[in-house]
Amino acid sequence: MGFGYESILTLFLQALFFVSVYSKGKTRASLQQREPCEKQRISKWSEPVAIFVVYGSRVGAQGQDLLCQERDLLSSVTFEDYGVTLYLYHTTFLVDIVREKVGRVLRLDSIQGGKSWNGMDVLIFNTWHWWTHKGKSQPWDYVQYGSRLMKDMDRLMAFDKGLTTWARWVDQNIDPSKTKVFFQGISPTHYQGKEWKSGSKTCKGEQIPLAGSAYPAGKPPAATVVNRVLSTIKKPVYLLDITTLSQLRKDAHPSAYGEGSGNDCSHWCLPGLPDTWNQLLYAALIL
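Rules of the game
- Residue positions within a chain follow its written sequence, with the count starting from 1.
- Per-residue local features are limited, in this predicted model, to residues with pLDDT of at least 70; the limit for side-chain atom pairs, both in listing and counting, is 80 or more; totals at the level of whole chains, interfaces and linings are taken over all residues.
- The side-chain figures draw on all heavy atoms in the structure; neither hydrogens nor water molecules are used.
- In short, DSSP must find at least two bridges between two strands for them to pair.
- Each helix corresponds to a stretch of at least 4 residues labelled H or I by DSSP, and each strand to a stretch of at least 2 residues labelled E; elements are numbered beginning at the N terminus.
- In this analysis an axis means a line fitted to C-alpha atoms, helices contributing only their contacting stretch, and an angle means the value between N-to-C directions, from 0 to 180 degrees.
- What pLDDT reports is the predictor's confidence in each residue, on a scale of 0 through 100.
- Every residue pair with non-hydrogen atoms within 4.5 Å of one another is taken to be in contact.
- Buried Ala, Val, Leu, Ile, Met, Phe, Trp, Tyr and Cys residues form a nonpolar core when they are joined through side-chain atoms within 4.5 Å.
- Partly exposed describes any residue whose relative accessible area lies between the buried limit of under 20% and the exposed limit of over 50%, with all areas from a 1.4 Å probe on protein chains only and scaled to the type maximum.
- Pairs of cysteine sulfur atoms within 2.5 Å are what we label disulfides.

Draft legend 1. Quick peek at the sheet that holds strand β5 (residues 103-107). Here we have four strands laid out as an open sheet, ordered β4-β5-β7-β8, and mixed in their pairing. This sheet does not close on itself; its edge strands, each paired only once, are β4 (96-100) and β8 (148-150). Direction aside, the axes of adjacent strands within the sheet are offset by 30° on average. Here strand β7 (residues 142-145) runs beside β8; their pairing, made up of three bridges, is antiparallel. Paired with valine 143 across the two strands is methionine 150, which belongs to β8.

Draft legend 2. How the structure looks around the confidence of the model for the chain. For the chain, the average pLDDT comes to 80, and 76% of its residues sit at 70 or higher. Throughout residues 1-46 the model reports pLDDT below 50, and contacts reaching past four residues in sequence, or to other chains, amount to 93 contacts. Here residues 58-72 scores under 50 on pLDDT; set against residues more than four positions off or in separate chains, the count is 56 contacts.

Draft legend 3. Fine view of the nonpolar core. Core analysis: the largest hydrophobic core is formed by 39 residues, its most contacted members being Trp117, Phe125, Trp131, Phe159, Leu163, Trp166 and Phe183. For this core, the elements supplying multiple residues, two or more each, are β1 (49-55), β6 (122-126), α2 (155-173), β9 (180-184) and α3 (221-232). Considering every element that reaches this core, the biggest residue donor is α2, with seven residues. In this structure, phenylalanine 183 is in contact with Leu94, Phe125, Asn126, Thr127, Leu163, Trp166, Val226, Leu230, Val237, Tyr238, Leu239 and Leu240, ignoring residues within four places of it in sequence.

Draft legend 4. Spotlight on the state of the cysteines. One pass over the full model with this rule turns up one disulfide. Each sulfur of the disulfide joining cysteine 203 and cysteine 265 lies 2.0 Å from the other. Here cysteine 203 and cysteine 265 share a disulfide; its torsion about the S-S bond, -85°, makes the bridge left-handed. With cysteine 203 in the loop between β9 and α3 and cysteine 265 in the loop between α4 (243-247) and α5 (273-285), this pair connects stretches of sequence that are 62 residues apart. Per residue, the accessibility class of cysteine 203 equals that of cysteine 265, and both read buried. Sulfur of cysteine 269: no disulfide; nearest cysteine sulfur belongs to cysteine 203 and is 8.7 Å away.

So, in structure tokens, the structure goes:
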């Protein structure tokens, strides 16, 4: 069995991430940058393998790309021909959001959800996208760190503290002889054309990637936080550093052609860039 966009599982793919290349003015040649799902194969492991993807942001698109299937909080699919079970667990911040009398509290030093991650052969983590949300799209009312309960906090600082809590969980719970841990790096947005020295205000209308191997504005501050926190972990954690290669793909967003209204320069089209992320993950898994 191969994973294919043409298979029946595709029926479950969220329309938000599936954009017609023709509606963006692209040609069929654009699709030739990726290998068709039907041609991709995963070698069969000698023993059953459980891969657990814990995502809080755009790795959701990567997971849907890999599975062509929509997910709830915890879902799974087993590829019996390959002895692999893939779990997808959605936790927006990795750390906990708890309902209390004051409302929804984001606890930066609590990670009770980690109980669900134990015993896996491979763990793949990701978070950042939702840390910046404010107003109606913010899924918490207060943020707590230690005994301090605050209405808000600098989001980059909060991300640092939350990710440090996750790093502590890794050191306390992971046995490297049994579990391989990956952290997928920051997935960038393209809402500021000045970042890539363009007259465009956003990704809207962009049809080709940036040339070269460096992004004019450099990596986002959140990527610096990720690198710093990962450097403190004693257990092996492998960084899937997709940030720069994704920054170069200003053309790969749904833009005005996704589901709903607005201009989406934060999610990614499928087929598209997440296929490349999955190829890098596959290469790391078979090393």
